[in-house]
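# Descriptive structure summary
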Amino acid sequence: MTNTPVVRASTAFDEMGAGEARRSHYEMIHRWLEETPAEALSLKRREAELLFRRIGITFAVYAEGGDPERLIPFDIIPRVLDWAEWTVLARGLTQRVRALNAFIADVYHRRQILRAGHIPPELVLHNEGFRPEMQDFEPAQGVYTHIAGIDIVRLGPRDFYVLEDNCRTPSGVSYMIENREAMMRLFPDLVARHRIAPVAHYPEDLLDTLKSVAPANCEDEPVVVLMTPGSHNSAYYEHSFLADEMGIELVEGADLFIEDNIVYMRTTEGPRRVDVIYRRVDDDFIDPLTFRPESVLGTPGLFNAYRAGNVTLANGVGAGIADDKSVYRFVPQMIRFYLGEEPILNNVPTYCCSKREDLDYVLEHLGELVVKEARGSGGYGMLIGPQATREQLAAFSDKIRAKPGDYIAQPTLALSTCPTFVETGVAPRHVDLRPFVLCGKEIRIVPGGLTRVALREGSLVVNSSQGGGTKDTWVLENP
């Protein structure tokens, strides 16, 4: 592959701009920051923290014992995109999710893309995310990934790159919605001065999407539930929030039972048939009869009911094959192969350490690259070469040599920056964006998404589990 030059963070694109280079859709934000004393902003930040704590928006960091009271820091300065920028992103996201669903369907049926030599078969068929139990199964509407979170980074005015695809259980949409609510409460005048595309209708769109993929034998209004691993899960707040917003039941595995391959929910009025399950439980744990027998999070017989076509699982079992970071590098080929189109959004150049030439390059340039676990998430198991010590580089080199197939590497990119209110005042901090794409009978995308921000100066890690925060994302509608 072509070597991509390392881009230092000091050359990062500033999304607001300065002086004559200030971008027009940030002009009112700039004036607001100039007119508002730092003390007033600091007061609003404390008010925001109290608001989030009162609502109960928390998450757990398992590596540190799972603190149930931890808040994701919320930055009070919004990130702003204009409608032209969003239009390009929305077109690219729609294209990408169509291709990913086509790839998953192909993997579990004819495997044409593998036979054509566009993707190494062993990368897919020997992958932990591949579920042979799904072979020749056709889900309702042919959709496998109903809710996708596509992580986007920006390197320049028109340079958007997909950093990774989340096709299993992407989280964070509750923060997108709550961040907007917080901004409307804290800064109603500032919000009123902008034509901001709304996001509050996401739960309604989600419910419509889930109902649209009900099984073919569903004759009445589909019954939809959200299946959670329970209150100790790091994203439990989001599970309960979305169930409440959609007006559906929040259930655990023990609340469901299977009879004649039909799924029922236990209620105070007796059993009630379930047609669609928005599951936030991983494949391994949804059914102890098919997958991990020791699981107490799932429902025995659920997978057979799914294969029988009597219930829809969203996202589908085995969809994780499409968000493996080693498979990610082939998404442009998927778009060309299945859609006959050129990719609208770029991929970040990626080295797969399972390939000898890529492995040699990564080990030689480890101090210049970002190395990730191919099936990792949350920023865990990651090395940022330019910020690592000599000891860390040596230790990570040993890990890669021991299991090269477990790692991929990418150039250290200069993620764009947005003005952020930190302890020292307003300063640029690196950001990414996770839009949420809904796929049922049609594809829907709420304008914007979850902007994550690296709060530490110079840091490129935006994950909340690694000290990052979030911002409200404003997409400005055309006047």
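Above: the structure in question.
The paragraphs below set out a description of the structure included in this document. (Residues numbered from 1 in each chain as written. Predicted model: local features only at pLDDT ≥ 70, side-chain atom pairs only at ≥ 80, totals over all residues. Heavy atoms only, no water.)

### Thoughts on the overall build of the chain
Test applied: Secondary structure counts use DSSP, requiring at least four H or I residues in a row for a helix and at least two E residues in a row for a strand, with both numbered from the N terminus. The buried label applies to any residue whose accessible area, calculated with a 1.4 Å probe on protein chains only, is under 20% of its type's maximum; exposed applies above 50%, and partly exposed to all values in between. Note on contacts: a residue pair is in contact if any heavy atoms of the two residues lie within 4.5 Å. Shrake-Rupley sampling with a 1.4 Å probe provides the accessible areas, and residues are treated as covered by the protein chains on show and by no other component. Charge counting treats Lys and Arg as positive and Asp and Glu as negative, with His and both chain ends excluded. Charge positions are represented by NZ for Lys, CZ for Arg, CG for Asp and CD for Glu.
Scanning the chain from terminus to terminus reveals 14 helices and 21 strands. Reported as C-alpha extents along the three principal axes, the dimensions of the chain are approximately 65 × 55 × 45 Å. Every one of the 479 residues in the chain was classed for burial, and the buried ones make up 56%. Restricting to contacts in the chain with at least 6 residues of sequence separation, those with at least 24 account for 70%. Carbon and sulfur atoms make up 48% of the accessible area of the chain, which amounts to about 20,500 Å² in all. Computed over 51 positive and 68 negative side-chain charges, the separation of the two mean positions in the chain equals 4 Å.

### Looking at the sheet that holds strand β4 (residues 224-227)
Pairing between the strands of a sheet is mediated by backbone hydrogen bonds and can be parallel or antiparallel. In plain terms, the rule: For two strands to count as paired, DSSP must find a minimum of two bridges between them. Between N-to-C directions, angles span 0 to 180 degrees; the directions come from axes that are lines fitted to C-alpha atoms, helices contributing only their stretch in contact.
Within the open sheet, the four strands sit side by side as β5-β4-β9-β10. Their pairing is parallel. The sheet is open, and its two borders are formed by β5 (249-251) and β10 (312-314), each paired with just one other strand. Averaged over all pairs of adjacent strands, the angle between their axes in this sheet comes to 30 degrees, without regard to strand direction. The sheet contact formed by β4 and strand β9 (residues 276-279) spans four bridges and is parallel.

### Structural notes on the environment of Pro 332
The topology assignment puts Pro 332 in helix α12 (residues 331-339). The exposure class of Pro 332 is buried, given its relative accessible area of 12%. Considering only alpha carbons, one finds Pro 332 and Met 16, 316 residues apart in sequence, at a separation of 30 Å. Not counting chain neighbours up to four residues away, the residues in contact with Pro 332 comprise Pro 343 and Asn 347.

### Digging into the nonpolar core
Counted only if it meets this: Throughout this description, the term nonpolar core refers to a set of buried Ala, Val, Leu, Ile, Met, Phe, Trp, Tyr and Cys residues connected via side-chain atoms within 4.5 Å.
Counting residues in each nonpolar core, the largest one holds 71 residues, and the members touching the most others are Phe 103, Ile 119, Ile 150, Ile 152, Ile 277 and Met 334. With ten residues, the top contributor of residues to this core is helix α3 (residues 83-107).

### A word on the side chain of Thr 412
Which entries qualify depends on this criterion: We call two N or O atoms a polar contact when they sit within 3.5 Å, provided that within protein one can donate a hydrogen and the other can accept it, with sequence-adjacent residues counted only if both atoms are side-chain atoms.
Inspection of the secondary structure assignment puts Thr 412 in the loop between β15 (407-411) and β16 (417-422). When its relative accessible area of 5% is taken as the criterion, Thr 412 is described as buried. Here the side chain of Thr 412 touches Glu 368 through a polar contact of 2.6 Å, landing on its backbone oxygen.

### What about the pairing of strand β6 (residues 256-259)?
The side chains of a regular strand alternate between the sheet's two faces. Pairing analysis gives four bridges linking β6 to strand β7 (residues 262-265), with the strands arranged antiparallel. Bridging from a neighbouring strand, Leu 256 pairs with Met 265 of β7.

### Describing the state of the cysteines
Which entries qualify depends on this criterion: Working definition: a disulfide is two cysteine sulfur atoms within 2.5 Å of each other.
Taken as a whole and assessed by the stated rule, the structure comprises zero disulfides. Sulfur of Cys 167: no disulfide; nearest cysteine sulfur belongs to Cys 439 and is 10 Å away. You can call Cys 439 buried: its relative accessible area is 7%.

### Describing the packing of aromatic side chains
Formally: Think of it this way: a Phe, Tyr or Trp ring, Trp meaning its six-membered ring, pairs with another when their centres are within 6.5 Å, and the plane angle makes it stacked under 30 degrees, edge-to-face over 60, tilted otherwise.
Applying the stated criterion across every chain yields a total of 13 aromatic pairs. Ring geometry for Tyr 108 versus Tyr 144: centroids 6.4 Å apart, planes at 25 degrees, classification stacked. Taken together, the residues Tyr 108 in the loop between α3 and α4 (112-115) and Tyr 144 in the loop between α5 (121-125) and β2 (147-156) connect sequence positions 36 residues apart. Look at Tyr 202 and Phe 436: their rings are 6.4 Å apart centre to centre, the planes differ by 65 degrees, and that puts the pair in the edge-to-face class. With Tyr 202 in helix α8 (residues 202-212) and Phe 436 in strand β18 (residues 436-439), the pair connects residues that are 234 residues apart, well separated along the chain. What makes Phe 436 buried here is its relative accessible area of 3%.

### Examining the sheet that holds strand β14 (residues 383-384)
Taking strand neighbours across the sheet as the criterion, the four strands line up as β12-β15-β13-β14 in an open arrangement whose pairing is antiparallel. In this open sheet, the two strands that pair with only one neighbour each are β12 (351-352) and β14. Bridge count between strand β13 (residues 369-373) and β14: two bridges; the pairing is antiparallel. Within the sheet, the bridge partner assigned to Val 371 lies in β14 and is Leu 383.

### A closer look at unusual backbone geometry
Residue Asn 315 follows Ala 314 across a cis peptide bond; omega there is 0 degrees. Non-glycine residue Asn 261 carries a positive phi angle of around 60 degrees. Here Asn 261 lies in the loop between β6 and β7.

### Some points on empty space enclosed by the protein
Going by this rule: Both site types are read off a 1 Å grid over the protein atoms alone. A 1.4 Å probe that fits but cannot get out defines a cavity, while an open set with protein on both sides within 12 Å along at least five of seven lines defines a pocket; lining residues have an atom within 4 Å of a point. Grid points are joined across faces, edges and corners, and a volume is the space filled by probe spheres set on the points. In this classification, Asp, Glu, Lys and Arg are treated as charged, Ala, Val, Leu, Ile, Met, Phe, Trp, Tyr, Cys and Pro as nonpolar, and every other residue, Gly included, as polar.
For the structure on display, the rule yields one cavity of 30 Å³ or more. As a volume, the largest cavity reaches approximately 30 Å³. The wall of the largest cavity is formed by Leu 163, Glu 164, Lys 325, Tyr 328, Thr 350, Lys 372, Ile 408 and Gln 410. For the lining of the largest cavity, the elements supplying multiple residues, two or more each, are β3 (159-166), α11 (325-328) and β15. Of the residues in the lining of the largest cavity, the class split is three nonpolar, two polar and three charged.

### Observations concerning the side chain of Asn 127
Positionally, Asn 127 belongs in the loop between α5 and β2. Exposure remark for Asn 127: the relative accessible area of 8% places this residue in the buried category. Within the structure, Asn 127 has its side chain in polar contact with the side chain of Asp 324 (distance 3.1 Å). Setting aside chain neighbours within four positions, we find Asn 127 in contact with Glu 122, Ile 321, Asp 324, Val 327 and Arg 375.

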